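# Structural characterization, general
Here is what each chain is made of, one letter per residue.
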There are 2 protein chains.
Amino acid sequence: MTNGILAMSEYIEHDREGITVGLVEKRFFTFAEPPNEMKLDSGAKLGPVTIAYETYGELNSDRTNAILVCHALSGDSHAAGYYTEKDVKPGWWDIMVGPGKGIDTDKYFVICSNILGSCMGTTGPSSTNPLTGRPYGLDFPLVTIGDMVEAQKVLLDHLRVKKLLCVVGGSIGGMQVLEWSVRYPDMVESAIPLATTPRHSALAIAFNEVARQAIMADPNWHAGHYYSRERPDHGLAVARMIGHITYLSEESMREKFGRRLQDKCDFSYDFDADFQVESYLRYQGRKFVERFDANSFLYITKAADYYDLAKDHGNGSLVKAFSKTKAKFLVVSFTSDWLYPTHQSKTIVEAIKRSWGDVSFCEVEAKWGHDAFLLPNPRLTSLIRGFLENVSNTL
Amino acid sequence: MTNGILAMSEYIEHDREGITVGLVEKRFFTFAEPPNEMKLDSGAKLGPVTIAYETYGELNSDRTNAILVCHALSGDSHAAGYYTEKDVKPGWWDIMVGPGKGIDTDKYFVICSNILGSCMGTTGPSSTNPLTGRPYGLDFPLVTIGDMVEAQKVLLDHLRVKKLLCVVGGSIGGMQVLEWSVRYPDMVESAIPLATTPRHSALAIAFNEVARQAIMADPNWHAGHYYSRERPDHGLAVARMIGHITYLSEESMREKFGRRLQDKCDFSYDFDADFQVESYLRYQGRKFVERFDANSFLYITKAADYYDLAKDHGNGSLVKAFSKTKAKFLVVSFTSDWLYPTHQSKTIVEAIKRSWGDVSFCEVEAKWGHDAFLLPNPRLTSLIRGFLENVSNTL
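Okay, so let's go over this structure.

On to the overall build of chain A. When its secondary structure is counted, chain A shows twelve helices and 14 strands. Taking the principal axes of the C-alpha coordinates as reference, chain A spans close to 65 × 50 × 50 Å. Going through the 395 residues of chain A one by one, you find that 56% of them count as buried. Considering only intrachain contacts with a sequence separation of at least 6, the fraction spanning at least 24 residues in chain A is 69%.

Structure, rendered in structure tokens:
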């Protein structure tokens, strides 16, 4: 098993972010070649399926140290390290995943794969439809959080990982964590769902729906078949801006922007961006369209809206759903997260307790809103480190 | 002075909403004919200006019973009653304004006018630019909350109203109330700002900016010059949906929609509206574009974002700004309003107190979010009724 760490010793000298896993490589695994397509929750079939993934650290000889990291809406397989020495930014969770970090790659073998339906190397609506030779567009079948987990399971089989010391992830990644714990109870020793919910509130669905409407209202969207022409960048940018508002807290926005003006002393009295918060959102929108596919945004948000752990696994009862799991849980919410507020995490905790499960819970003090799980937070790091050590020691 | 009530006796028989002011008429008043244009806060000039307005009740002989009602973003001059006997819906605040109601038209002379920059009869970006003979579009100058108040002042002069017993309004209407109290302290006996703020938070600006971006991203917007062609309906619908989310509370959405499906037993596995909340938002978007102008949405939201009472009237100090007013205040916030949360109303109350002003404050228990000020609420009605009686009695 190669470990995804290339030429680390040379790299560390150039490292601008402290110790990291160094240079890493995105890999691909393809399965479900027709006629053996993957059967989806909707009943539709999909194949072939390619999964983009990365690994960090080494799988130990008894294969007991594997940790699966699940990413959120716009994430990818690149959780840690750098692809090249020229990369300015490391992977999206480099603060947590690396040598000596909260998820210590000196101890654990970490796997992160791009989710089904995304556009970062794993099969999604922008991939080629083998029936037409052109991108799927909306001919891509709707996928669920469960389907994403199924694809990860096939990847783990390929990597000969039979047991996960832990599954960890935030937001939609947290939904995958919950799903793993009940879908493959014998494989999951422990689970860390961060800043997540067992199902979307009407408010969360509403934000997603308006974001989708922004994309579908863009005439360049062309009912999803835009790959050979101009893309629905305007709609996707607006969708991203809507998302960004929900990722921040009122407090963090006040502190970060307040009513400060952007590069001017007084109002412009036109529709330019006057306030820094306006510039920030426009910038986030512009930046996002360079790297993300509008259809993938539609598919992944819909999967999140559909997700309903109690309905899917407990006949409507969350307690019943969690009675299937054998995992130890560490559930973490963040004080200023108003997208998936603490009371939703507490619903998870209560249900696990009532199903006689093993659960620790922490509401972490953080002012950065839903995004807090992605940002440096010593409390979160030490919580995860301690929990993983505990789970390892009691194997 | 006619009182805007026509054929009320015949009408009451058909009334489906209890007692109302009956049939009313929208009127128009035009001023600032060139070369005597209105001078705006931005320094630009605007004229002629037409104000659409309605009045209910009668001005008493000593002209001491006039109440100005200020509407919010998408409102109009039609606060109460019906235009025709066939109208299904009465004016937007008919629950509050009428005979025997919280704002009792048997006692008070009520004026409501459409704000400058809107599209409901008052001059705005969809009005004809006298220089071109075509609609202004973005050639319409940016207007401020102060400019809206100035236009209302000219209307009151026209109606020979020298003193206002009260100025009352919610949301952006509440900003006009605050502005009136400091801009014309000798005219305002009392003021009732509801569900409002002395200035927008970064969060409120962010929502408005994304809504504006949704409009401006619509290719039919054509930099505001779309009046002779297809309109930016898609963009405006998305903008409205964004707004609607902020007007509701998480609790009200949970109660109203939860995760209930719309006319189906299971997920569609496509991008139709599966959930009721999705259908509701799409419907609100569709309905809005039938009655509102996209450019007016841009102008009014920008005016709200610019509004900053302390900056405009107190050199940065809210206390200093309020030291100019002589009005008695009733400040009301609503528990579930997260767009203009209670702490923003408390900022108003504190500043009035510290300027030695006369202020009562109430946080009304209401689960409907920011929209609560528009909805039936016995507590709000009795608060307003009592406050007005008190102000009348101490004249």
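To continue, consider the relation of the copies chain A and chain B. When chain A is fitted to chain B, the best match, at an RMSD of 0.0 Å, comes from turning it 180° and sliding it 0.0 Å along the axis. The superposition of one copy onto the other is thereby described by a two-fold rotation axis. In this assembly, 100% of the residues forming the interface of chain A have copies in chain B that are likewise at the interface, indicating an isologous arrangement.

With twelve residues, helix H3 (residues 172–183) of chain B extends 16 Å between its outermost C-alpha atoms, agreeing within 8% with the 16 Å of an ideal straight helix rising 1.5 Å per residue. The buried fraction of H3 of chain B amounts to eleven of the twelve residues, a majority that puts the element mostly inside the structure.

So, about the sheet that holds strand E12 (residues 190–194) of chain B. Sheet strands pair via backbone hydrogen bonds, and the direction of the pair is either parallel or antiparallel. All names here are of chain B. Strand order in the open sheet formed by eight strands is E1-E4-E8-E5-E11-E12-E13-E14, and the pairing between neighbours is mixed. Each edge of the open sheet is held by one strand with a lone partner, namely strand E1 (27–31) and strand E14 (358–364). Adjacent strand axes in the sheet meet at a mean angle of 20° when their direction is disregarded. Taken together, the four bridges between strand E4 (residues 49–56) and strand E8 (residues 109–113) define a ladder with antiparallel strand orientation. In the sheet register, threonine 55 faces E8, and the bridge partner there is isoleucine 111. Relative to the sheet, helix H2 (residues 145–158) contacts E1, E4, strand E5 (66–70) and E8, its axis offset from that of E4 by approximately 60°.

This next bit is on the environment of glycine 316 of chain B. Residues and elements named next belong to chain B. As for its position among the elements, glycine 316 is in the loop between helix H9 (309–314) and helix H10 (318–322). For glycine 316, a count of 10 C-beta atoms within 10 Å translates into the label exposed. Separated by 65 residues in sequence, glycine 316 and threonine 381 place their C-alpha atoms 34 Å apart. Those residues in contact with glycine 316, other than ones at most four positions away along the chain, are Ala310 and Lys311.

What counts, and where the lines are drawn
- Residues numbered from 1 in each chain as written.
- Chains lettered and ligands numbered in written order.
- Predicted model: local features only at pLDDT ≥ 70, side-chain atom pairs only at ≥ 80, totals over all residues.
- Helix = DSSP H or I, 4+ residues; strand = E, 2+ residues; numbered from the N terminus.
- Buried ≥ 20, exposed ≤ 12 C-beta atoms within 10 Å, placed from the backbone.
- Contact = placed C-beta atoms within 7 Å.
- Least-squares fit on C-alpha atoms with pLDDT ≥ 70 in both.
- Expected span 1.5 Å × (residues − 1).
- Pairing = 2+ DSSP bridges.
- Axes fitted to C-alpha atoms, helices over the stretch in contact; angles between N-to-C directions.

All quantities given are derived from atomic positions and should not be read as evidence of function.
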